[in-house]
Amino acid sequence: AWINYVNLTTSRALQRAKEVGVRKTVGANRSHVILQFVVEALLVNLLALLASFGLVWILQPFFNQLTGLQLDFGILWVSELFDMPFPLLFTILFVVSLIFISLYPASLLAGFKPRDIINGKHTVKGRVAWLRKSLVVFQFIVAIALINGALAISDQVDYLLTKDLGLDVDNTLIVYGPSETDWDSTFFSKIDRFQNEVKKLAGVKEVSTSNRIAGSRMGKVFRVRNNANPGAENLSLNWMAVGYNFEQLYGLELLAGRVLEPTDYNYSFNDGLIYNLLINRAAVGYLGFNSVLEAIGGELTIYGRQWRVVGVVEDFHQMTLHDKIEPMFLQPFRSTSDNYSIKLEGASNDILLADIERIFSTIFPVNYFDYFYLTDTMRRHYEPELRLTAISKVFTTLSIVMVVLGLYGLITMTVEKKVKEIGIRKVLGAQVGQLLMNLTGGFILLMLVSFLIGIPLSLYFIDLWKADFAYSAELGIDSIVMACLLILAFTSIPILLQTKRVASNNPIQALRDE
């Protein structure tokens, strides 16, 4: 908005030249003229500031809903930024900006000499023209960067929500485990009973347990060693304890070997036994195996006990796409802290939930029944990106509106200055198309310069933002072209309409005073 103010003020300099000449002729000096225009700028900006406070107050509920935050207008008066009270910081920024946007145009207007004004020799070419063009280019660059950024954020969020995670989280109900139940000789029979009875319900496909769910961080064990390389250094591995049919429930792809079976669940903790486990593809090379087939039957030392690899599954995203897939193993184990994963045939209903709660309360009477849907949890991990998408679209729209309004005012004043020139050209045979090209050619050139600067700059900052993600979508050339076309469309249409209106006028109207 301040850029538009500077551009429009300097563009109107010629129109106010006679006013400045008359004031200087009757005795006003340079400082008087500067003071007049500074006061004008102050009044305009104060009115705009009051209006902005009103808009903030009105739009605050909508902004809170958009961002998911609970902001209050009164927070501004008690908050601090850069170790300064916000009201003081805002006042300093407002005053400094006001000085910048008012003094330069005021100095320009006050610099006109009455003699030059009378002789018609006053111009605003040179540094003023370059300043105006530079500000227009800056606005275009900001708009291009915001559009590219909004498109990149939208593409990334779509990628986060639709990428194949390597495990099926759809239609998965998670029930919190019976943590209040004693881990005694009857505990495992209770787990089996709960799973079997829930699986018999209409609408339930599979039931399993695990000590971690998708989206939560796994545990990590250290001093892991491949027994085939006794001299190798100790390694660390992520791990997760899983129950029966966990691989089938989540659709894990088996690359080699077999899945875990009920006989793999051994709780004797006898150091003389060899326990079985699964590893993921990332763990194959990490542990020193040359292939997934070579890993089958490989023996590891974990917790000081011996383990055998009986299967290798494809890598899957246990965490969000912010995190890279790491080597891990799945341990056959069940406990009171496990959560129950219930795969449904479709969307759940109140009757099905009531039946599951009834079974849970019967088998685990002292425990509170609580549940959630896994897709909701996974989506909540990306709420900051979802909010950023909505916010970026709003600010991109506002930026485009400001650019279009500023350009429309600028082109209107430019065209008004060239009314007589347009009339002469039309008398000499110039067509409307030629006049349009003559009037808009400078703005088109500024847009091209903005594209050359704004596109690489926006791509640089997009790459910085995507560095927080281990996996990200590529911003294709189609998105960049889309950003350029949007800028061209939103800015060219009002410019062409205004110039075409003037270029289509009767030249007699423009030259009647000559």
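In what follows, the accompanying structure is described. The model shown is predicted, which means the values in this text are computed figures rather than measured ones.

Basis of the calculations
Starting afresh in each chain, residues are numbered from 1 along the sequence in its written order. Thresholds applied to this predicted model are a pLDDT of at least 70 for local features of residues and 80 or more for the giving and counting of side-chain atom pairs; totals over whole chains, interfaces and linings are not thresholded and use all residues. Water and hydrogen atoms play no part in the side-chain values, which are based on all heavy atoms of the structure. Only DSSP runs of H or I with at least four residues qualify as helices, and only runs of E with at least two residues qualify as strands; both kinds are numbered from the N terminus onward. Only heavy atoms enter the contact rule, under which two residues are in contact if any of them lie within 4.5 Å. Put simply, the grid is 1 Å and covers the protein atoms alone, a cavity is a trapped set of points that fit a 1.4 Å probe, a pocket is an open set with protein on both sides within 12 Å along at least five of seven lines, and lining residues have an atom within 4 Å of a point. Grid points are joined across faces, edges and corners, and a volume is the space filled by probe spheres set on the points. Following the grouping adopted for this structure description, the nonpolar residues are Ala, Val, Leu, Ile, Met, Phe, Trp, Tyr, Cys and Pro, the charged ones are Asp, Glu, Lys and Arg, and the polar ones are all others, Gly among them. Patch members must show over 30% relative accessible area and no salt bridge, and they are joined within 9 Å when carrying like charges or within 5 Å when they are nonpolar side chains of Val, Leu, Ile, Met, Phe, Trp or Tyr. Working definition of accessibility: Shrake-Rupley area with a 1.4 Å probe, residue cover restricted to the visible protein chains. When a carboxyl oxygen of Asp or Glu is within 4 Å of a side-chain nitrogen of Lys or Arg, the pair counts as a salt bridge. Only protein chains enter the calculation, and the probe is 1.4 Å; a residue is then buried if its accessible area is under 20% of its type maximum, exposed if over 50%, and partly exposed in between. Within 6.5 Å between ring centres, the rings of Phe, Tyr and Trp (the latter by its six-membered ring) count as paired, and their orientation is classed by plane angle as stacked under 30 degrees, edge-to-face over 60, tilted in between. Two limits define a charge over a ring: the Lys NZ or Arg CZ must be within 6 Å of the ring centre, and within 35 degrees of the ring normal. Any N or O atom pair separated by 3.5 Å or less is treated as a polar contact, with the protein-specific requirement of one donor-capable and one acceptor-capable atom, and with residues adjacent in sequence counted only for side-chain atom pairs.

## What to know about the side chain of Ser-210
- Relative to the assigned elements, Ser-210 resides in strand β4 (residues 204-210).
- In this structure Ser-210 touches Ala-241, Val-242, Phe-246, Asp-338, Asn-339 and Ser-341, once residues within four positions along its chain are discounted.

## Some thoughts on unusual backbone geometry
- With phi around 55°, Arg-223 is a residue other than glycine that occupies positive phi space.
- Structurally, the position occupied by Arg-223 is in strand β5 (residues 219-226).
- Within the chain, Tyr-303 stands out as a residue other than glycine whose phi angle is a positive 60°.
- Its place among the elements puts Tyr-303 in the loop between β9 (299-302) and β10 (305-313).

## Considerations on empty space enclosed by the protein
- Applying the stated rule across the entire model yields one cavity of 30 Å³ or more.
- Every residue lining the largest cavity is listed: Leu-167, Ser-210, Arg-212, Ile-213, Ala-214, Met-240, Phe-246, Tyr-250, Gln-318 and Ser-341.
- A breakdown of the residues in the lining of the largest cavity according to their chemical character gives six nonpolar, three polar and one charged.

## Remarks on a nonpolar patch on the surface
- On the surface, Met-437, Ile-444, Leu-445, Leu-448, Val-449, Leu-452 and Ile-453 cluster together to form a nonpolar patch covering roughly 660 Å² of accessible area.
- Residue classification places Leu-452 among the exposed residues on the basis of a relative accessible area of 67%.

## Points about the packing of aromatic side chains
- Counted according to the given criterion, the structure contains 16 aromatic pairs.
- An angle of 85° between the planes, with centres 6.1 Å apart, marks the rings of Tyr-371 and Tyr-373 as edge-to-face.
- Residue Tyr-371 is classed as partly exposed on the basis of its relative accessible area of 33%.
- Looking at Tyr-373, the relative accessible area reads 23%, which means it is partly exposed.
- Each residue in the set Phe-194, Tyr-340, Phe-360, Phe-364, Phe-369, Tyr-371 and Tyr-373 is aromatic and connected to the rest through ring pairs, giving one cluster.
- Cation over ring: Arg-334 sits above Tyr-244, and NZ or CZ is 4.3 Å from the ring centre.
- Across the ring face of Tyr-265, the terminal group of Arg-334 is positioned such that the distance to the ring centre comes to 6.0 Å.

## Notes on the side chain of Glu-206
- Mapped onto the elements, Glu-206 comes out in strand β4.
- By relative accessible area, which is 14% here, Glu-206 ends up buried.
- Here Asn-245 takes part through its side chain, which lies 3.4 Å from a polar atom of the side chain of Glu-206.
- Sequence-distant contacts of Glu-206, that is, excluding residues within four places in its chain, are made with Lys-199, Asn-245, Leu-249, Ser-341, Ile-342 and Lys-343.

## Some remarks on the pattern of salt bridges
- According to the stated counting rule, one finds eleven salt bridges in the structure shown.
- Put simply, Asp-168 and Lys-343 hold a salt bridge, and the shortest N to O gap is 3.5 Å. A residue pair is termed long-range when its members are at least 10 positions apart, and Asp-168 in the loop between α7 (127-162) and β3 (172-175) and Lys-343 in strand β12 (residues 339-344) qualify at 175 residues.
- Note that Glu-206 and Lys-199 form a salt bridge whose closest N and O atoms lie 3.2 Å from each other.
- According to the relative accessible area criterion, Lys-199 is partly exposed, its value standing at 37%.
- Residues participating in the shared-partner salt-bridge network are Arg-258, Glu-261 and Asp-264.

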